[in-house]
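# Survey of secondary and tertiary structure
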Amino acid sequence: MSCGNPHEIDCSEILDHLYEFLDQEMPAGDRAKFETHIDECSPCLEKYGLEQAVKKLVKRCCGHDDVPTDLRSKVMGRIELVRSGQAVPEKPVMERRPAERDPGSCGTAEDSRETDSSAAAARADSA
């Protein structure tokens, strides 16, 4: 993507590193360049706003789930392997239960029913 205007950093590079920026995982000097670009470039500003909104929605909807201790330690172990430059062994993903397969689900089954009934009510109102 490019807005057609000259920038110190190309739009495609901004979008490639957008989550580093959003997650505040970017060095301060690079952050300043990104902020300047986003201030000058409305397409990148729009994409930034959209991604920021999605991140907030996911946090609100799914951020309250507790992470199992063993999962946290496995993930941290893998991160340390990657940081140290060691090869990370490939492991197959264990098959999940059917309830865990829906990537669109968020929250509890009760939350899901509330959303379904709200959507049904909205469809009925528009008919």
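Up top is the structure these notes are about.
These remarks concern the structure in this document.

## Describing the overall build of the protein
Counting its secondary structure elements, the protein contains 6 helices and 0 strands. The helix and strand sequence of the protein, counted from the amino end, reads α-α-α-α-α-α. Here the protein holds 127 residues, and the buried ones make up 13% of them. Across the protein, the fraction of contacts at a sequence separation of at least 24, relative to all contacts at a separation of at least 6, is 50%. Total accessible area computed for the protein in this model is approximately 10200 Å², and 54% of it derives from carbon and sulfur atoms.

## Considering helix α4 (residues 42-62)
The end-to-end C-alpha distance of α4 is 30 Å, a good match for the 30 Å that 21 residues give at a rise of 1.5 Å each. Within α4 the residues assigned to the buried category are Cys44, Tyr48 and Glu51. Buried residues of α4 fall within an arc of 70° about the axis and therefore sit on the same side. In α4, the exposed positions that point more than 90 degrees away from the buried face belong to Ser42, Glu46, Lys56 and Arg60. Check the buried side of α4 and you find it contacts α1 (11-16), α2 (18-22) and α3 (28-40).

## Re the nonpolar core
Grouped together as the largest cluster of nonpolar side chains are 12 residues: Ile9, Cys11, Ile14, Leu18, Phe21, Leu22, Met26, Phe34, Ile38, Cys41, Cys44 and Tyr48. When residues of this core are traced back to their parent elements, those giving at least two are α1, α2, α3 and α4. Broken down by element, the residue count for this core peaks at 3 residues, all from α2. Apart from the residues within four sequence positions on either side, Leu18 is in contact with Lys47, Tyr48 and Glu51.

## Some words on the packing of aromatic side chains
Under the counting rule described, the total for this entry stands at 2 aromatic pairs. Both rings, one in Phe21 and one in Tyr48, keep their centres 5.7 Å apart while their planes meet at 65°; by these two values the pair is edge-to-face. Of this pair, Phe21 sits in helix α2 while Tyr48 is found in helix α4, placing the two residues 27 residues apart along the sequence. The exposure class assigned to Phe21 is buried, which follows from its relative accessible area of 5%. With relative accessibility at 19%, the residue Tyr48 sits in the buried group. Cluster of aromatic residues (ring-pair linked, three or more members): Phe21, Phe34 and Tyr48.

## With respect to the pattern of salt bridges
A side chain with one charge may pair with a side chain of the opposite charge, provided their charged atoms come close. According to the stated counting rule, one finds 5 salt bridges in the structure shown. Across the pair Lys47 and Glu51 runs a salt bridge, and its minimum N-O distance is 3.0 Å. On the criterion of helical spacing, the pair formed by Lys47 and Glu51 is a turn pair, its members being 4 residues apart in helix α4. Of the residues examined, Glu51 reaches a relative accessible area of 12% and is grouped as buried. The residue Arg83 makes a salt bridge to Glu80 at a minimum N-O spacing of 3.6 Å.

Parameters and conventions
Starting from 1, residues in each chain are numbered consecutively following that chain's sequence as written. The predicted nature of this model means local features are confined to residues of pLDDT at least 70 and side-chain atom pairs, given and counted, to a pLDDT of 80 or more, with totals for whole chains, interfaces and linings taken over all residues. Side-chain numbers come from the whole structure's heavy atoms, not from hydrogens or water. A run of H or I in DSSP counts as a helix once it spans at least four residues, and a run of E counts as a strand once it spans at least two, with each numbered from the N terminus. With a 1.4 Å probe rolled over the protein chains alone, any residue whose accessible area is under 20% of its type maximum counts as buried; one over 50% counts as exposed, and the rest are partly exposed. Here, residues are in contact when the closest pair of their heavy atoms is within 4.5 Å. For accessible areas, the Shrake-Rupley method is used with a probe of radius 1.4 Å. Any residue's cover is judged against the shown protein chains and nothing else. A helix is expected to reach a length of 1.5 Å times the quantity of its residues less one. The directions from the helix axis to the C-beta atoms are what the arc is built from. Put simply, a nonpolar core is a bunch of buried Ala, Val, Leu, Ile, Met, Phe, Trp, Tyr and Cys residues held in one set by side-chain atoms that sit within 4.5 Å of each other. We call Phe, Tyr and Trp rings a pair once their centres come within 6.5 Å, taking the six-membered ring for Trp, and we label the pair stacked below 30 degrees between planes, edge-to-face above 60, and tilted otherwise. Salt bridge, as applied in this entry: a Lys or Arg side-chain nitrogen positioned within 4 Å of an Asp or Glu carboxyl oxygen.

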